[in-house]
Amino acid sequence: MVEIEIDGKKVEVLEGSMVMDAANKLGTYIPHFCYHKKLSIAANCRMCLVEVEKAPKPLPACATPVTPGMIVRSSSDKAVKAQKAVMEFLLINHPLDCPICDQGGECQLQDLAVGYGATASRYEEEKRVVFHKDVGPLVSMEEMSRCIHCTRCVRFGQEIAGVMELGMLNRGEHSEITSFVGQTVDSELSGNMIDLCPVGALTSKPFRYSARTWELSRRKSVSAHDALGSNLIVQVKNGKVMRVVPMENEDVNECWISDKDRFSYEALNSSERLTKPMIKQGGQWQETDWQTALEYVAHGLRNVKHEHGAEAIAAVAAPHSTLEELSLLQRVVRGLGSDNVDFRLRESDFSLNGQIKPWLGTSISQFGKLKNVFIVGSFLRKDHPVLAARLRQSVKLGTKLSVLNSSDDDQLMKLTNKAILAPSAWVSFLAEVAVAVAAKKEVAAPAGFEGVNATEVASKIADSLIAGDAGVFLGNTASYHPEAAKLHALVQWIAKNADATFGYLTEAANTVGGYLANAIPATSAKPVFAEAKKAYIVLHAEPMLDSAHPVQAKAALAQADMVVVMSPFKHGAEYADVLLPVSPFTETSGTFVNCEGRPQSFHGVVKPLGDTRPAWKVLRVLGNLLGLGKFDYETAESIRDEVLGQADIVSRLNNLTSAAPTLSTAGTGLERLTDVSIYSTDGIVRRAESLQKTADAQATLAWISAGLAQKLGVSNGDMVKFTKGGSILLNVGVDQSLPENVVRVAAGHETTSNLDGMFGAITVERA
């Protein structure tokens, strides 16, 4: 530790720290623009000049290392004079357009100009002009003349997002920030550059000119999309969500959020919102009141139970539903005498049902400190953008990352080892890793593995795990895999014998909460639409887009006597009998339990739109109408407290089973690999207009290997016919990294919902 003095106050900081770090520890504010605690030091704005005793001239606080006994003055005449001189230079070319600038009211330059700017400018020459640039549907670079070249956006792309999409051209007064040769900014974290920009150069394109910052109310919330549970500040005007920005939480999302979290709010105000209960009568949809709609639902469910028995009733939910909603949904279904309730719509192997309650296996902050990480079956960057950014930082500091997947997507971080194999070969490869671990640790390999020999890659992955401070994690694709239980048993064995952490990068905002709410069958589970039922309650889900077997789902729903769709959006009109408008996460109280088992409760930030009602209240009333006991909750908190109880939540989660590792045979024909596009994961993001204009949303839906393309005689952009339970025609891309027998077709899209099953044999022919 080194002791220094700042403005008469002494403080101790770590050797190698900068004066700015010492000032932050003391709570002393030093004006700055380019400095940011999460980014590297650039020292190019010079606004943080301070007087250091015995130094001949003022020094930048962000780039001056502390030395023992150093005496710093941040507000002496010499320091303030230097800061004012820098401010004068920064304002020379800055346009005087504060009244029409979106940054007005929350602008660092504006704030510091009040304290350090002159009352009039001495600069009389022409100001420079920088032409605007179109870098995509999310980030606006319309007024780049405002840019002060702090380079925060450039450093964010390089250091946090992992891709340098913006850079600086030219020198001196001619410097300008731009994208590369007319390219767009396509990072899944790009919106964070808007927050980082200290002036109005980078602004939010969807939010542009829609509200003034001082007109907005700020309310805390939690992301309803990925498993991290990013903390949000939702900004509201006139009862309408206008903007979403990150709330800093170092243990969860640090100070970043993904573009999915930031811009999906557009769907909350879209024309697709369902605002009144509707009943289908004689094939025609009619609006009705809540009392009539719920009595109709209760009557229909009672009839199905009377005519077909309780087991003919089923409920399916999206894993983005709140803990409270899932808890009441399963209680309604079980109160009717059925066990058919599930939220794991994209899963197809339920061998471990009732044995595990999967979670990350460690805290998010500890995950970021592991020195050796092996991830099985994950499109990491797109499935978990902010968690991937945390891992990217640890890889830069020396963490060795290994992956097993079926496509070699660029994770924008260094991979020490990778195995790109067809999904049916994953079990065999993990068996090789297990055998390598057994040999190196001098323990017996699992029974039946005598004929397995480790390849070089498998051996290297085993070496990295045995090296210590390691973790093995199953991703979304691994949990969807048709042999998910075999993958689990193998990874569990590897982690146990390598003394590594074992966990799941869970799928959605409330996957862990779904298990805690008991929204899964108590006995033998199977794919939710494998056996058609006579009545379905569908909560927040769109079965043809969110299910592993959309063709099965379509057939099951079409033959049902009663289908109740509870959703904030208009969908399901072709198969539903009742549409009930329920609140999205911004209009209801609730709780999400993230991947590390952290429950995060939130309140509605705006009033429900139209006649929309919180789903937990709808289910409570439905329970009462059906005559079920204990449906008298007054608040969402009372449901949460009953579900979570007083016990430590992590102690109730469990990744371990008694299942022994077994082998399987790899497939021989063409196999489907399915990814769920980052902007197709749930109903809210699918309806966010700006997100649907991005490169990720517009990307090719089907990819084939170079070998298969040659065999079929097709090239990029050609039309190909895919058959798997149904047929579709798609333009394909040729991916050189795909294994020869793998065909990658995205899920979550209307155009691919005629293919049944996310994995397994698929037929491909030239159209």
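Residues numbered from 1 in each chain as written. Predicted model: local features only at pLDDT ≥ 70, side-chain atom pairs only at ≥ 80, totals over all residues. Heavy atoms only, no water.

Chemist: Mind laying out the overall build of the chain, listing which residues take part and the relevant values?
Modeler: Within the chain, the regular secondary structure consists of 23 helices and 34 strands. Since a compact globule built from 767 residues should have a radius of gyration of about 27 Å, the 28 Å found for the chain is in line with a globular shape. Structurally, the chain occupies a C-alpha span of about 90 × 65 × 60 Å along its principal axes. Split into buried and exposed, the 767 residues of the chain put 61% on the buried side. Restricting to contacts in the chain with at least 6 residues of sequence separation, those with at least 24 account for 72%. For the chain, the accessible surface area stands at approximately 30000 Å², while carbon and sulfur atoms represent 51% of it. Separation of charge centres in the chain, based on 78 positive and 87 negative side chains, amounts to 2 Å. (Helix = DSSP H or I, 4+ residues; strand = E, 2+ residues; numbered from the N terminus. Rg over C-alpha atoms; globule rule 2.2 N^0.38 Å. Buried < 20%, exposed > 50% of the residue type's maximum accessible area, 1.4 Å probe, protein only. Contact = heavy atoms within 4.5 Å. Areas by Shrake-Rupley, 256 points an atom, 1.4 Å probe, with all protein chains shown as cover. Lys, Arg positive; Asp, Glu negative; His and termini not counted. Charge placed at Lys NZ, Arg CZ, Asp CG, Glu CD.)

Chemist: Give me the lowdown on the packing of helix H4 (residues 152-161) against helix H11 (residues 385-396), citing residues and values where you can.
Modeler: Across the interface, H4 lies against H11 with an axial gap of 9 Å and an inter-helix angle of 80°. When the axis of H4 is compared with that of H11, the two are roughly perpendicular. Residue-level contacts link Glu-159, Ile-160 and Ala-161 of H4 to Ala-389, Arg-392, Gln-393 and Lys-396 of H11. Residue composition of the contact of H4 with H11, by class: 3 nonpolar, 1 polar and 3 charged. (Axes fitted to C-alpha atoms, helices over the stretch in contact; angles between N-to-C directions. Parallel < 35°, antiparallel > 145°, perpendicular 65-115°, else oblique. Nonpolar A, V, L, I, M, F, W, Y, C, P; charged D, E, K, R; others polar.)

Chemist: Residue-level account of the state of the cysteines, with values.
Modeler: Applying the stated rule across the entire model yields 0 disulfides. The thiol of Cys-62 is unpaired, and the distance to the nearest cysteine sulfur, on Cys-48, comes to 3.8 Å. (Disulfide = S-S within 2.5 Å.)

Chemist: Give me the UniProt feature "domain: 4Fe-4S Mo/W bis-MGD-type" (unreviewed entry) in the chain: which residues, what numbers.
Modeler: The positions UniProt marks with the feature "domain: 4Fe-4S Mo/W bis-MGD-type" (unreviewed entry) are residues 216-272. Segment residues 216-272 splits into 9% helix and 35% strand. End C-alpha atoms: 25 Å apart. (UniProt positions renumbered as here; feature names shortened; annotations may be inferred.)

Chemist: Go over the pattern of salt bridges with me, naming the residues and quoting the values.
Modeler: Per the stated rule, a full pass over the model turns up 40 salt bridges. Measuring nitrogen to oxygen at the nearest pair gives 3.1 Å for the salt bridge that ties Lys-276 to Asp-611. Separated by 335 residues along the polypeptide, Lys-276 in the loop between helix H6 (259-263) and strand S14 (278-281) and Asp-611 in the loop between strand S27 (599-602) and helix H19 (615-625) bring together distant segments of the chain. For Lys-276, a relative accessible area of 33% gives the class partly exposed. Classification of Asp-611 as partly exposed rests on a relative accessible area of 25%. A salt bridge links Glu-507 to Arg-346; the nearest nitrogen and oxygen atoms lie 3.2 Å apart. You can see Glu-507 sitting in the loop between strand S22 (501-504) and helix H16 (511-516) and its partner Arg-346 sitting in the loop between strand S17 (341-342) and helix H9 (364-367), a full 161 residues away along the chain. Across the pair, exposure class does not vary: Glu-507 and Arg-346 are buried alike. Overlapping salt bridges, with partners in common, bring together Glu-272, Arg-346, Glu-507, Glu-542, Asp-546, Arg-686 and Arg-687 in one network. (Salt bridge = Lys/Arg side-chain N within 4 Å of Asp/Glu carboxyl O.)

Chemist: I'd love a proper account of a nonpolar patch on the surface, names of residues and values included.
Modeler: A cluster of nonpolar side chains, contributed by Met-164, Phe-180 and Val-181, occupies part of the molecular surface with about 320 Å² of accessible area. Looking at the secondary structure, you find Phe-180 in the loop between strand S9 (176-179) and helix H5 (192-196). (Patch = residues over 30% accessible without salt bridge, like charges linked within 9 Å, V, L, I, M, F, W, Y side chains within 5 Å.)

Chemist: Kindly report on the environment of Glu-596, identifying the contributing residues and their values.
Modeler: Positionally, Glu-596 belongs in the loop between strand S26 (590-593) and S27. Between the C-alpha atom of Glu-596 and that of Thr-506, which follows or precedes it by 90 residues, the distance is 9.2 Å. Excluding residues that lie within four positions of it along the chain, Glu-596 makes contacts with Asp-251, Val-252, Trp-359, Leu-360, Thr-362, Ser-363, Ile-364 and Val-650. A distance of 2.8 Å separates a polar side-chain atom of Glu-596 from the backbone nitrogen of Ile-364. (Polar contact = N/O pair within 3.5 Å; in protein donor to acceptor, adjacent residues only side chain to side chain.)

Chemist: Outline the pairing of strand S31 (residues 727-735), listing residues and values.
Modeler: Relative to S31, strand S29 (residues 702-705) is paired through 4 bridges, and the arrangement is parallel. Each residue of the ladder has a partner; that of Trp-703, found in S31, is Gly-733. Looking at chain direction, strand S30 (residues 719-723) and S31 are connected through 5 bridges and run antiparallel. Of the residues in S31, the one forming a bridge with Thr-723 is Ser-727. Following S30, the chain reverses through 3 residues before pairing antiparallel with S31; Gly-725 in that reversal takes a positive phi of roughly 80°. (Pairing = 2+ DSSP bridges.)

Chemist: Residues and numbers for the environment of Arg-208, please.
Modeler: Considering the arrangement of structural elements, one finds Arg-208 in the loop between strand S10 (203-204) and strand S11 (217-222). Once you skip the residues sitting within four places of it in the chain, Arg-208 turns out to touch Asp-102, Ser-140, Glu-142, Glu-143 and Thr-203. Polar side-chain contacts of Arg-208 include one of 3.4 Å to the side chain of Tyr-209.

Chemist: Summarise the sheet that holds strand S5 (residues 71-73); cite the residues concerned and give the values.
Modeler: Pairing between the strands of a sheet is mediated by backbone hydrogen bonds and can be parallel or antiparallel. Pairing in this open sheet of 5 strands is mixed, and the strands run S2-S1-S5-S3-S4 from one edge to the other. In this open sheet, the two edge strands, each paired with only one partner strand, are strand S2 (9-13) and strand S4 (59-60). In this sheet, S5 lies alongside strand S1 (residues 2-6) in parallel orientation, the contact comprising 2 bridges. Its bridge partner lying in S5, Ile-6 is registered against Val-72. Across the sheet, helix H1 (residues 19-26) touches S1, S2 and S5, and the angle it forms with S2 is around 115°. Along the sheet face, helix H2 (residues 77-91) touches strand S3 (49-52) and S5 and points at about 155° away from the line of S3.

Chemist: Mind laying out the nonpolar core, listing which residues take part and the relevant values?
Modeler: Among the nonpolar cores identified, the biggest contains 70 residues, and Phe-33, Met-47, Phe-156, Leu-166, Leu-202, Ile-375 and Leu-391 are the most heavily contacted of them. Tallying contributions element by element places H11 first for this core, with 6 residues. Beyond its immediate sequence surroundings of up to four residues, Phe-156 is in contact with Leu-39, Ala-161, Leu-189, Asn-192, Met-193, Leu-196 and Trp-256. Ranked by size, the runner-up nonpolar core spans 53 residues in total, among them Val-304, Val-512, Leu-539 and Ala-615. (Core = buried A, V, L, I, M, F, W, Y, C linked by side-chain atoms within 4.5 Å.)

Chemist: Lay out helix H15 (residues 484-497) in plain terms, naming residues and giving numbers.
Modeler: Spanning 14 residues, H15 covers 20 Å between terminal C-alpha atoms, matching the ideal 20 Å at 1.5 Å per step. Most of H15 is tucked away, with 12 of its 14 residues classed as buried. Residues of H15 that are buried: Ala-484, Ala-485, Leu-487, His-488, Ala-489, Leu-490, Val-491, Gln-492, Trp-493, Ile-494, Ala-495 and Asn-497. Buried residues belonging to H15 abut strand S18 (372-376), helix H12 (426-441), helix H13 (456-466), strand S21 (470-474), helix H14 (476-480) and S22. (Expected span 1.5 Å × (residues − 1).)

Chemist: Summarise the packing of helix H8 (residues 323-335) against helix H20 (residues 636-644); cite the residues concerned and give the values.
Modeler: At their nearest, the axes of H8 and H20 sit 9 Å apart, and the two run at 75° to each other. Judged on the interaxial angle alone, H20 and H8 are roughly perpendicular. Within the contact between the two elements, H8 uses Leu-323, Glu-324, Ser-327, Leu-328 and Arg-331 and H20 uses Ala-636, Ile-639, Arg-640, Glu-642, Val-643 and Leu-644. Broken down by class, the residue content of the contact of H8 with H20 amounts to 6 nonpolar, 1 polar and 4 charged.

Chemist: So, the sheet that holds strand S13 (residues 240-246): which residues are in play, and what are the values?
Modeler: A sheet is described by the order of its strands in space; here 3 strands give the open sequence S11-S12-S13, paired in antiparallel fashion. What marks the edges here is a single partner per strand, and that holds for S11 and S13. The mean inter-strand angle of the sheet, taken between neighbouring strand axes irrespective of direction, is 35°. In this sheet, S13 lies alongside strand S12 (residues 231-237) in antiparallel orientation, the contact comprising 6 bridges. Residue pairing in the sheet places Leu-232 in a bridge with Pro-246 of S13.

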